[in-house]
Amino acid sequence: MRRLLAPVPIAVVGVVVALVALLAYGLASNDPDQDVAGKQAPELELPRLSGEGVGSLEDYRGQVVVLNFWASWCEPCRDESPLLQRWHERMEPRRGTVLGVDVQDITGDARDFIEEYGLTYPMLRDGEGESRERFAILGFPETFVIDRRGRIAAVARGPVDDAFMREHVAPLLRERA
Amino acid sequence: MRRAALLGALAVALVAPGAAAAQDCPKTTLGEIEKEVMCPICGTPLALASEAPQAQRQRAFIEQQIADCRSEDQIKRALVAQFGEAVLALPGDEGDDDFEDVLVYLVPAVGIAAALGGIAFALVRWRRRQQSGRGAPATAGADAGRLDADMERYDL
């Protein structure tokens, strides 16, 4: 018993417990919450891609927001861009918008992308990628449909298509604020 | 003959500034930079992210900066402006060659050296004490009795 209470075994046990706790914490913090539908959308305030000031999700409260995370090097982002632009034009008169967030991208490439696809919806720039953790983003593109009260109504992990937009966005546009 | 000399002088005047500018251009390579910066999306140093499309765009950006005659530090600062400090792979590197970059390596090295020195010093002292303990002659017979008596008398 006295041997067990000696400083060396106590130190070894302490180190092992600390390592196990660190491992458990690491595993827990690396498992982002994927089930965000129905929850309030996290705050998001970022510089505008145009370089003119900052924009936030809060600016669009009362509107239906299709929040699209993308990057210029991402091929599926290219495929879905024309669809997002069409839906933005459809949503605008019904108090809705697509809001693009260009993540960890080279600004010049992103601006070329916007010009190439003639995108007119508002764009924010997240150079450091802080929104990836907040929205538990694993890849690009990812799209969050946010209702007029700021709650996440649907999530698309991957490119959106017309069926997704009809199912999740169209009903929200009919709702009043 | 005079005409040829004039043309020659004109050619030298046109070419010389370009050559001088090329000489002034800081010499850095993509290989040197990609060892020291991260590919933020891949989560690895850029040198290891060979085929990722984001890494390829980042390399194109660096090559453009090299072509524009930017130095290694200027290119790192441009990358930080795009992706934030996390793009720098080396600890303490802030895209400039200042004393802090050296301190990041120096302080732990001095700390480790001091700790090793302390351990070695403690070990040497401990061994000396052990040796002097073993070397002391055993107190025998009458001496031991006298010592016990003395100890009892001065017992505090």
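These numbers come from a predicted model, not from an experiment. (Residues numbered from 1 in each chain as written. Chains lettered and ligands numbered in written order. Predicted model: local features only at pLDDT ≥ 70, side-chain atom pairs only at ≥ 80, totals over all residues.)

A. Representation of the overall build of chain B within the structure. On a plain count of helices and strands, chain B comes out with six helices and two strands. Tracing chain B from N to C terminus, the helices and strands come up as α-α-β-β-α-α-α-α. Partitioning the contacts of chain B with sequence separation of at least 6, the portion at a separation of at least 24 is 43%. (Helix = DSSP H or I, 4+ residues; strand = E, 2+ residues; numbered from the N terminus. Contact = placed C-beta atoms within 7 Å.)

B. Layout of the overall build of chain A. From N to C terminus, chain A includes six helices and seven strands. Starting at the N terminus and walking to the C terminus, you meet the elements of chain A as α-β-β-β-α-β-α-β-α-β-β-α-α. Across the 177 residues in chain A, those meeting the buried criterion constitute 36%. (Buried ≥ 20, exposed ≤ 12 C-beta atoms within 10 Å, placed from the backbone.)

C. Representation of unusual backbone geometry in the model. Residue and element names in this part refer to chain A. Cis geometry is adopted by the peptide bond preceding Pro141, which originates at Phe140 and carries an omega value of -5°. Structurally, the position occupied by Pro141 is in the loop between α4 (130-134) and β6 (142-146). The backbone of Gln104 shows a phi angle near 45°, a positive value even though the residue is not glycine. Positive phi values are uncommon outside glycine, yet Ala136 reaches one of about 50°. Relative to the helices and strands, Ala136 resides in the loop between α4 and β6. Ala136 sits in the partly exposed class, given 16 other C-beta atoms within 10 Å.

D. Examining the sheet that holds β6(A) more closely. Residues and elements named next belong to chain A. Spatially, five strands are ordered β5-β4-β3-β6-β7 in an open sheet, and the strand pairing comes out mixed. Edge strands, defined here as strands with exactly one partner in the open sheet, are β5 (123-126) and β7 (152-157). Along the sheet, successive strands turn relative to each other by an average axial angle of 20°, direction set aside. For strand β3 (residues 64-70) and β6, the ladder comprises five bridges, and the chain directions are antiparallel. Note on β6: the bridge partner recorded for Leu67 is Phe144. Against the sheet, helix α2 (residues 75-91) contacts β3 and β4 (96-103), and its axis sits at roughly 150° relative to β4. (Pairing = 2+ DSSP bridges. Axes fitted to C-alpha atoms, helices over the stretch in contact; angles between N-to-C directions.)

E. Structural context of the pairing of β7(A). All names here are of chain A. As paired elements, β6 and β7 share five bridges and run antiparallel to each other. Within β7, the residue paired with Val145 across the bridge is Ala154. The hairpin turn running from β6 into β7, its antiparallel successor, is five residues long, and Gly150 in that turn takes a positive phi close to 85°.

F. Just the interface of chain A and chain B, in detail. Between chain A and chain B, the residue contacts involve nine residues of the former and ten residues of the latter. In terms of residue class, the side of chain A that touches chain B is built from three nonpolar, four polar and two charged. (Nonpolar A, V, L, I, M, F, W, Y, C, P; charged D, E, K, R; others polar.)

G. View of helix α6 (residues 141-153) of chain B. Here α6(B) is 13 residues long and its end C-alpha atoms lie 19 Å apart, about the 18 Å a rise of 1.5 Å per residue gives. Little of α6(B) sits out of view: just zero of its 13 residues are buried. (Expected span 1.5 Å × (residues − 1).)

H. Seen up close, α2(A). All names here are of chain A. An ideal rise of 1.5 Å per residue puts 24 Å on 17 residues; α2 measures up with 25 Å between its terminal C-alpha atoms. Considering bend angle alone, the principal kink of α2 is centred on Ser81 and spans about 35°; proline Pro82 follows within four residues of it. Within α2, burial applies to Cys77, Glu80, Ser81, Leu84, Trp87, His88 and Met91. The elements touched by buried residues of α2 are β3, β4, α3 (107-117), α5 (162-168) and α6 (170-174). (Bend = angle between axes of the 7 residues up to and from the residue.)

I. Structural detail: the environment of Phe140(A). Residue and element names in this part refer to chain A. Here Phe140 lies in the loop between α4 and β6. Sequence separation of Phe140 and Asn68 is 72 residues, and the distance between their C-alpha atoms is 9.2 Å. Not counting chain neighbours up to four residues away, the residues in contact with Phe140 comprise Phe69, Trp70, Ala71, Cys74, Cys77 and Val103.

J. Structural detail: the environment of His168(A). All names here are of chain A. On the secondary structure map, His168 appears in helix α5. Note on His168: 20 C-beta atoms within 10 Å, which makes it buried. When the C-alpha atoms of His168 and Val145 are compared, they prove to be 7.3 Å apart, with 23 residues separating the residues in sequence. Leaving out residues up to four positions away in the same chain, His168 has contacts with Val145, Ala153 and Ala154.

K. Fine view of the confidence of the model for chain B. Mean pLDDT for chain B: 80, with 72% of residues reaching 70 or above. As a predicted assembly, this complex carries a pTM of 0.69 together with an ipTM value of 0.73. (pLDDT = per-residue confidence, 0-100.)

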